[in-house]
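As a plain string of letters, each chain reads:
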Amino acid sequence: MAESDSTDFDLLWYLENLSEKEFQSFKKYLARKILDFKLPQVPVIQMTKEELANVLPISYEGQYIWNMLYSIFLMMRKEDLCRKIIRRRNRNQETCKALMRRKFMLQWESHTFGEFHYKFFCDVTSDVFYILQLAYDSTSCYSANDLNVFLVGDRASGKTMVINLAVSRWIKGEMWQNMISYVVHLTSHEINQMPNRSLAELIAKDWPDGQAPIADILSDPKKLLFIIEDLDNIRFELNVNESALCSNSTQKVPIPILLVSLLKRKMAPGCWFLISSRPTSKDNVKLFLKETDCYTTLQLSNEKREIYFNSFFKDRQRASAAFKLVHEDEILVGLCRVAILCWITCTVLNRQMDKGRDFQLCCQTPTDLHAHFLADALTSEAGLTANQYHLGLLKRLCLLAAGGLFLSTLNFSGEDLRCVGLTEADVSVLQAANILLPSSTHKSRYKFIHLNVQEFCAAIAFLMAIPNCLIPSGGREYKEKREQCSDFNQVFTFIFGLLNENRRKILETSFGYQLPLVDSFKWYSVGYMKQSGRGLEKLTHHMPLFYCLYENREEEFVKKIVDALKEVTLYLQSDKDMMVSLYCLEYCCHLRTLKLSVQRIFQNKEPLVRPTASQMKSLVYWREICSYFYTMESLRELHIFDNDLNDISERILSKALEHSSCKLRTLKLSYVSTASGFEDLLKALAHNRSLTYLSLNCTSISVNMFSLLHEILDEPTCQISHLSLMKCDLRASECEEIASLLVNGGSLRKLTLSNNPLRSDGVKILCDALLHPNCTLISLVLVFCCLTENCCSSLGRVLLLSPTLKQLDLCVNHLKNYGVLHVTFPLIFPTCQLEELQLEECMLTSACCRSLASVLTTNKTLERLNLLQNHLGNEGVVKLLESLIRPDCVLKVVGLPLTGLSTQTQQLLMTVKERKPNLIFLSETWSLKEGREIGVTPASQPGSIIPNSNLDYMFFKFPRMSAAMRTSNTASRQPL
């Protein structure tokens, strides 16, 4: 116990202070209170003082006992006993503050830049503290019952610092006075290590010997604040069934059940929560986020960054010059959204100014900044050049960084440091230089000041080819979520930055050492990209590569890297992405296909009467990107997907597409939403004379859009021959509009309607249009359109009578044998002009194969037939093979299910292949080039997450890769 008086929690002592008459009254009050508290009944009336003192603690939890006692003593006017309980509770509250002071205040003293950050955060986070003050004030209109406050921010955005400051203010009496009496602080690291626990044990974890005044702490949950740091790093699933939740504070339960019971207020009803998390933990946040909760995001805005620069630089002129440099480059702006990286940036710029250098030339990229930071920090005492000690220290540091990243370790033990050769003196030097700092979450461990610094050191390790070293912590079976490194894009970006001679010299000059693998890696990178340009191991998207090239900015090298690119996929989510893309697209001289997604940049669909400065900057970048659609000589295909366009951005795109110099032949729009409902875009296409393929896949097609499509196709100058409306939720009711396009389509020759529930009724309407004299359609794709045998007679009539239709795709429909017989019967007549028929996955069996075999020997126009993914059986395949082997069969491409065949059938298949060597057999893994796919880039869905690029293949296959990166973890990454 933390109390000084041994009688404070002695229940018998309190009862013995009552006279016999008072004790009898006490028992009557107690019986009533037990009913009021809805507690299990105990026959207290007949008990003695000793019996009652023994029974109550084993019948009820402590907080209920003492709340009942205090209430009864108050009614009995036993002020002396009430005062004793109050004094005890006040002492316990002060003890809790003392414990929190020791826990939180020490963290400030551990950072040499703590005082500056403390002052800065006091200034710029005043709005956050205002929210925290009002949120936990039950009298405030901003407060609510069972309130959760979520503090969300990216890595190193200051979440821990805000929590530290808030608790420190509470301890000093500057915050939450008379609102919060106790604070229970939990980090994800602590939670991840916990076995089954009770709430009482959880609360007592920071108290001496695990002995906490649980009864007092839980006596008024409305004055109890739980702080959970790093919700995103908790390794448990928190989607716990309500029936598993627990209300007993003394019962041991699994940690997920304990946490959810608290968050759902099954335990300690009325308590408060302050929860920090990174944005990556949206699912866990949504589980507990209520409409009445408070959600605040931490990020250094442009205004706050300016305050930071003015606070850091004592000279206003220096502050203005430094801020201007950062403000004019989106990469540096993104870097300085994080306070620690802002500190590194300011530190480097200030040192360059002190040395009289032109910082605008020598600090253009994050590579420059990190190189100067390391060089200045490690060689500041050695003069202009470092001695062998400092070079050795750099190598040991880089070895630690690389080993940590590739073995998912960000917090290093003393054993890890010794394993790479770092001594206590080395660690002191690195700590004094603010490179390695004590971990705020792991006791007796160190971590890099920021992950970016560790990634930069890993990039140096790559080009140094330093020997391999498996750090002990890397072998741990359990790794916390935040330590599991899977994205090495920033490492690759720094590697490319160091390939630039001027940036590399910052390190090489300071340490007197040349990075040995630079030339080899340059040669390898160019060769790899030439190989990729021939279609081998294509990148899924190119933003990571473009960031690498922008970091490098050696014109000749960039040209060689992108020279082979004929297809580029870009996911643009910020001004920074657009700026980088603009730089790299300038050098893509042979680009034919550009796939482009613009997510979250233009989400506002309201008309922009007066765009803000930020919106104007985005629109300027967008205008420059759109200009490539008509200035890039080689560009022929444009795929735009997952785009949210407001009125101005849509008009900019429309102007580019209708430009007289636009030579695009293919335009695909998938999962695109616009402010005008495509009116501006489609009107622009009416003036484009080169476009032959228009796709509006995954788009809601309105009546107005059909009208606009009519106008486009009716234009004499329109060259659109292929229109794709896949997955547009088109139904039979829209088929009249589609039929009208077929009749008056002008140049339209191919129509793709896959993945729409047209059903048989809708297709019958289309069939009437296909037989109209004005219809000149050659190809119709109806993959997965919910068709049945009911529409097959109509389709058969079209095949028999249409003079133009040559390709029909009916894959993935329930046509069955009877329906296919209706479709294929017209093929035996000479009036049928069909050349390609796709019937993959149409629920066919061997019963239809005799009729199909007859068609193969009779028809003289059919060249392609696909029957894959049907249950034709051995007998059905034999009938078809017997027809294929005949000389009067003119088929050139066939798809047959060839698995599970008998030995005799396999021999017949070999005979067919020998006699007809030009006949192509499609494999089971073959997919249709147009109708099967949705027509968007890989992994693209509404609001999709950007897929990981396979850029790392380039690095992990590098034949002379740094030994520090050649670990067991990387083996699985290598595409052998």
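The structure displayed is predicted, hence computed values, not measured ones. (Residues numbered from 1 in each chain as written. Predicted model: local features only at pLDDT ≥ 70, side-chain atom pairs only at ≥ 80, totals over all residues. Heavy atoms only, no water.)

Focus: the overall build of the protein chain
Using the following cut-off: In this text, helices come from DSSP runs of H or I with a minimum length of four residues, and strands from runs of E with a minimum of two, each type numbered from the N-terminal end. Partly exposed residues are those whose accessible area sits between 20% and 50% of the maximum for their type, while under 20% is buried and over 50% is exposed, using a 1.4 Å probe and protein chains only. Here a residue-residue contact requires only that any non-hydrogen atoms of the pair lie within 4.5 Å. Only the protein chains shown count as cover for residues, with accessible areas throughout obtained via the Shrake-Rupley method and a probe of 1.4 Å. Only four residue types enter the tally: Lys and Arg on the positive side, Asp and Glu on the negative side, with His and both chain ends excluded. Charged side chains are reduced to one point each, which is NZ for Lys, CZ for Arg, CG for Asp and CD for Glu.
Along its length, the protein chain carries 42 helices and 22 strands. Considered along the principal axes of its C-alpha atoms, the protein chain spans approximately 115 × 80 × 65 Å. In the protein chain, which comprises 976 residues, the proportion classed as buried is 57%. Considering only residue pairs separated by 6 or more positions, the protein chain has 81% of its internal contacts joining residues 24 or more positions apart. For the protein chain, the exposed surface amounts to about 41,900 Å²; the carbon and sulfur share of it is 50%. In the protein chain, the 108 positive side-chain charges and the 104 negative ones have mean positions that sit 1 Å from each other.

Describing the environment of Leu545
Summarising the element assignment, Leu545 is placed in helix H27 (residues 543–552). Residues Leu545 and Val562, spaced 17 residues apart in sequence, show a C-alpha to C-alpha distance of 9.5 Å.

A short note on the sheet that holds strand S3 (residues 224–229)
For the record, the criterion: Strand pairing is assigned whenever DSSP identifies at least 2 bridges connecting the two strands. Axis definition: a line fitted to C-alpha atoms, over the contacting stretch in the case of helices. Angles run 0 to 180 degrees between N-to-C directions.
Here five strands make up an open sheet; going across it, the order is S2-S3-S4-S1-S5 and the pairing parallel. Because the sheet does not close on itself, it has two edges, and the strands there are strand S2 (182–187) and strand S5 (294–298). Shown here is a sheet whose adjacent strand axes are inclined to one another by a mean of 15 degrees, direction ignored. Both strand S1 (residues 148–153) and strand S4 (residues 272–277) contribute to a ladder of five bridges, which runs parallel. Its bridge partner being in S4, Val152 is matched across the sheet by Ser277. Strand contacts of helix H8 (residues 159–171): S1, S2, S3, S4 and S5, with the helix running at about 140 degrees to S1, the strand carrying the most contacts.

Looking at the packing of aromatic side chains
Here is the rule we go by: Any two rings among Phe, Tyr and Trp, with Trp reduced to its six-membered ring, count as a pair given centres within 6.5 Å; such a pair is stacked if its planes are under 30 degrees apart, edge-to-face if over 60, and tilted if neither. A positively charged side chain is recorded as over a ring if its NZ (Lys) or CZ (Arg) lies within 6 Å of the ring centre. The angle to the ring normal must also be within 35 degrees.
According to the stated counting rule, one finds 28 aromatic pairs in the structure shown. Seen in terms of ring centroids, Tyr524 and Tyr528 are 6.1 Å apart; in terms of plane orientation they differ by 40 degrees. Their pairing is tilted. Linking Tyr524 with Tyr528, this pair stays in helix H26 (residues 518–533), spanning four residues, or about one helical turn. An aromatic cluster is built from Phe9, Trp13, Tyr14, Phe23, Phe26, Trp66 and Phe73, whose rings are joined through pairwise contacts. Sitting over the ring of Trp66, Arg88 keeps its end group 4.4 Å from the ring centre. Against the face of Phe921 rests Lys913, its NZ or CZ located 5.3 Å from the ring centre.

Points about the pattern of salt bridges
Note the cut-off: Salt bridges are defined by distance alone: a side-chain nitrogen of Lys or Arg within 4 Å of a carboxyl oxygen of Asp or Glu.
Under the defined criterion, the tally for this structure stands at 33 salt bridges. Linking Glu190 and Lys103 is a salt bridge whose minimum nitrogen-to-oxygen distance equals 3.9 Å. Taken together, the residues span a long stretch of sequence, with Glu190 in helix H9 (residues 188–193) and Lys103 in helix H5 (residues 79–109) at a distance of 87 residues. A salt bridge links Asp354 to Arg318, with the nearest nitrogen and oxygen atoms 2.8 Å apart. Residue Asp354 is found in helix H17 (residues 339–354), and its partner Arg318 is found in helix H15 (residues 316–327); the two are separated by 36 residues along the sequence. Residue class for Asp354 comes out exposed when judged on its relative accessible area of 53%. Arg318 sits in the partly exposed class, given a relative accessible area of 25%.

Regarding helix H12 (residues 255–263)
Among the nine residues of H12, nine are classified as buried, and the element is accordingly described as predominantly covered. Residues of H12 that are buried include every one of Ile255, Pro256, Ile257, Leu258, Leu259, Val260, Ser261, Leu262 and Leu263, and no others. Looking at the buried residues of H12, the elements they touch are S1, H9, helix H10 (199–203), S3, S4 and helix H13 (282–288). A positive backbone phi angle near 60 degrees is found at Arg265, which sits one or two residues after H12.

Things to note about the nonpolar core
Worth spelling out the cut-off: What makes a nonpolar core is a set of buried Ala, Val, Leu, Ile, Met, Phe, Trp, Tyr and Cys residues whose side-chain atoms join them at distances within 4.5 Å.
Leu132, Trp622, Phe629 and Leu884 are the most contacted members of the largest nonpolar core, which has 310 residues in total. Membership of the second largest hydrophobic core comes to 27 residues, among which are Tyr14, Leu69, Met76 and Ala215.

Some points on the pairing of S1
With six of six residues buried, S1 lies mostly within the body of the structure. Side chains Asn148, Phe150 and Val152 of S1 all project onto a buried face; the interleaved residues Val149, Leu151 and Gly153 project onto the opposite face, where all are buried too. Both S1 and S5 contribute to a ladder of five bridges, which runs parallel. Paired with Leu151 across the strands is Thr296, a residue of S5.

What about a negative patch on the surface?
Counted only if it meets this: Surface patches are defined over residues having more than 30% relative accessible area and no salt bridge, joining like charges when they lie within 9 Å and nonpolar side chains (Val, Leu, Ile, Met, Phe, Trp, Tyr) when within 5 Å.
On the surface, a cluster of negative charge is made up of Asp10, Glu16, Glu50 and Glu51. Classification of Asp10 as partly exposed rests on a relative accessible area of 33%.

Details of helix H28 (residues 555–562)
Basically, it comes down to this: Each direction from the helix axis to a C-beta atom contributes to the arc, which is the arc of those directions.
Listed in full, the buried residues belonging to H28 are Phe557, Val558, Ile561 and Val562. Down the axis, H28 shows its buried residues gathered within 120 degrees of arc, on one side only. In H28, the exposed positions that point more than 90 degrees away from the buried face belong to Glu556 and Lys560.

Description of the confidence of the model for the protein chain
Selection rule: For every residue, the predictor assigns a confidence score, pLDDT, that lies between 0 and 100.
A residue-level look at the protein chain finds 90% of positions with pLDDT of 70 or above and a mean pLDDT of 86. Within the model, pLDDT remains below 50 along residues 960–976, and this stretch shows 43 contacts once partners closer than five positions in the same chain are excluded.

Looking at the side chain of Ser408
Its place among the elements puts Ser408 in the loop between helix H20 (388–406) and helix H21 (414–419). Not counting the four nearest positions on each side in its chain, Ser408 is found in contact with Lys479, Glu483, Gln484 and Cys485.

Considering unusual backbone geometry
Residue Arg77 is not a glycine yet carries a positive backbone phi of 60 degrees. As for its position among the elements, Arg77 is in the loop between helix H4 (62–75) and H5. Even without glycine at this site, Cys698 takes up a positive phi of about 60 degrees. Within the secondary structure layout, Cys698 lies in the loop between strand S14 (693–695) and helix H33 (703–714).

Examining the packing of helix H14 (residues 302–312) against H17
What counts, and what does not: Here roughly perpendicular refers to angles of 65 to 115 degrees, roughly parallel to angles under 35, roughly antiparallel to angles over 145, and oblique to all remaining angles. Crossings are assigned a handedness: left-handed for a near helix turned anticlockwise from the far helix by less than a right angle, right-handed for a clockwise turn. Residues are grouped as follows: nonpolar covers Ala, Val, Leu, Ile, Met, Phe, Trp, Tyr, Cys and Pro; charged covers Asp, Glu, Lys and Arg; every other residue, Gly included, is treated as polar.
Two numbers describe how H14 lies on H17: the axes approach to 11 Å, and their chain directions differ by 45 degrees. With respect to each other, H14 and H17 are oriented oblique. In this structure, H14 meets H17 at a crossing whose hand is right-handed. Listed contacts from H17 to Tyr308, Phe309 and Phe312 of H14 are Ala339, Cys342, Trp343, Cys346, Thr347 and Asn350. Broken down by class, the residue content of the contact of H14 with H17 amounts to seven nonpolar, two polar and no charged.

Focus: the packing of helix H19 (residues 366–379) against helix H25 (residues 501–511)
Between H19 and H25, whose axes approach to 8 Å, the crossing angle comes to 10 degrees. One element, H19, and the other, H25, form an angle in the roughly parallel class. Where H19 abuts H25, its residues Thr367, Asp368, Ala371, His372, Leu374, Ala375, Leu378 and Thr379 lie against Arg503, Ile506, Leu507, Ser510 and Phe511. Among the residues forming the contact of H19 with H25, the class breakdown is seven nonpolar, four polar and two charged.

So, the pairing of S3
Residues in a regular strand point their side chains to alternate faces of the sheet. The following threshold applies: We call a crossover right-handed when, viewed with the strands running away from us, the connection from the first strand over the helix to the second turns clockwise.
The element S3 is largely enclosed, with a buried count of six among its six residues. Of the two faces of S3, both are covered, the one formed by Leu224, Phe226 and Ile228 as well as the one formed by Leu225, Ile227 and Glu229. Alignment of S3 against S4, held across four bridges, turns out to be parallel. Paired with Ile228 across the bridge in S4 is Ile275. At this point the chain moves from S3, through H12, to the parallel S4, and the crossover so formed is right-handed.

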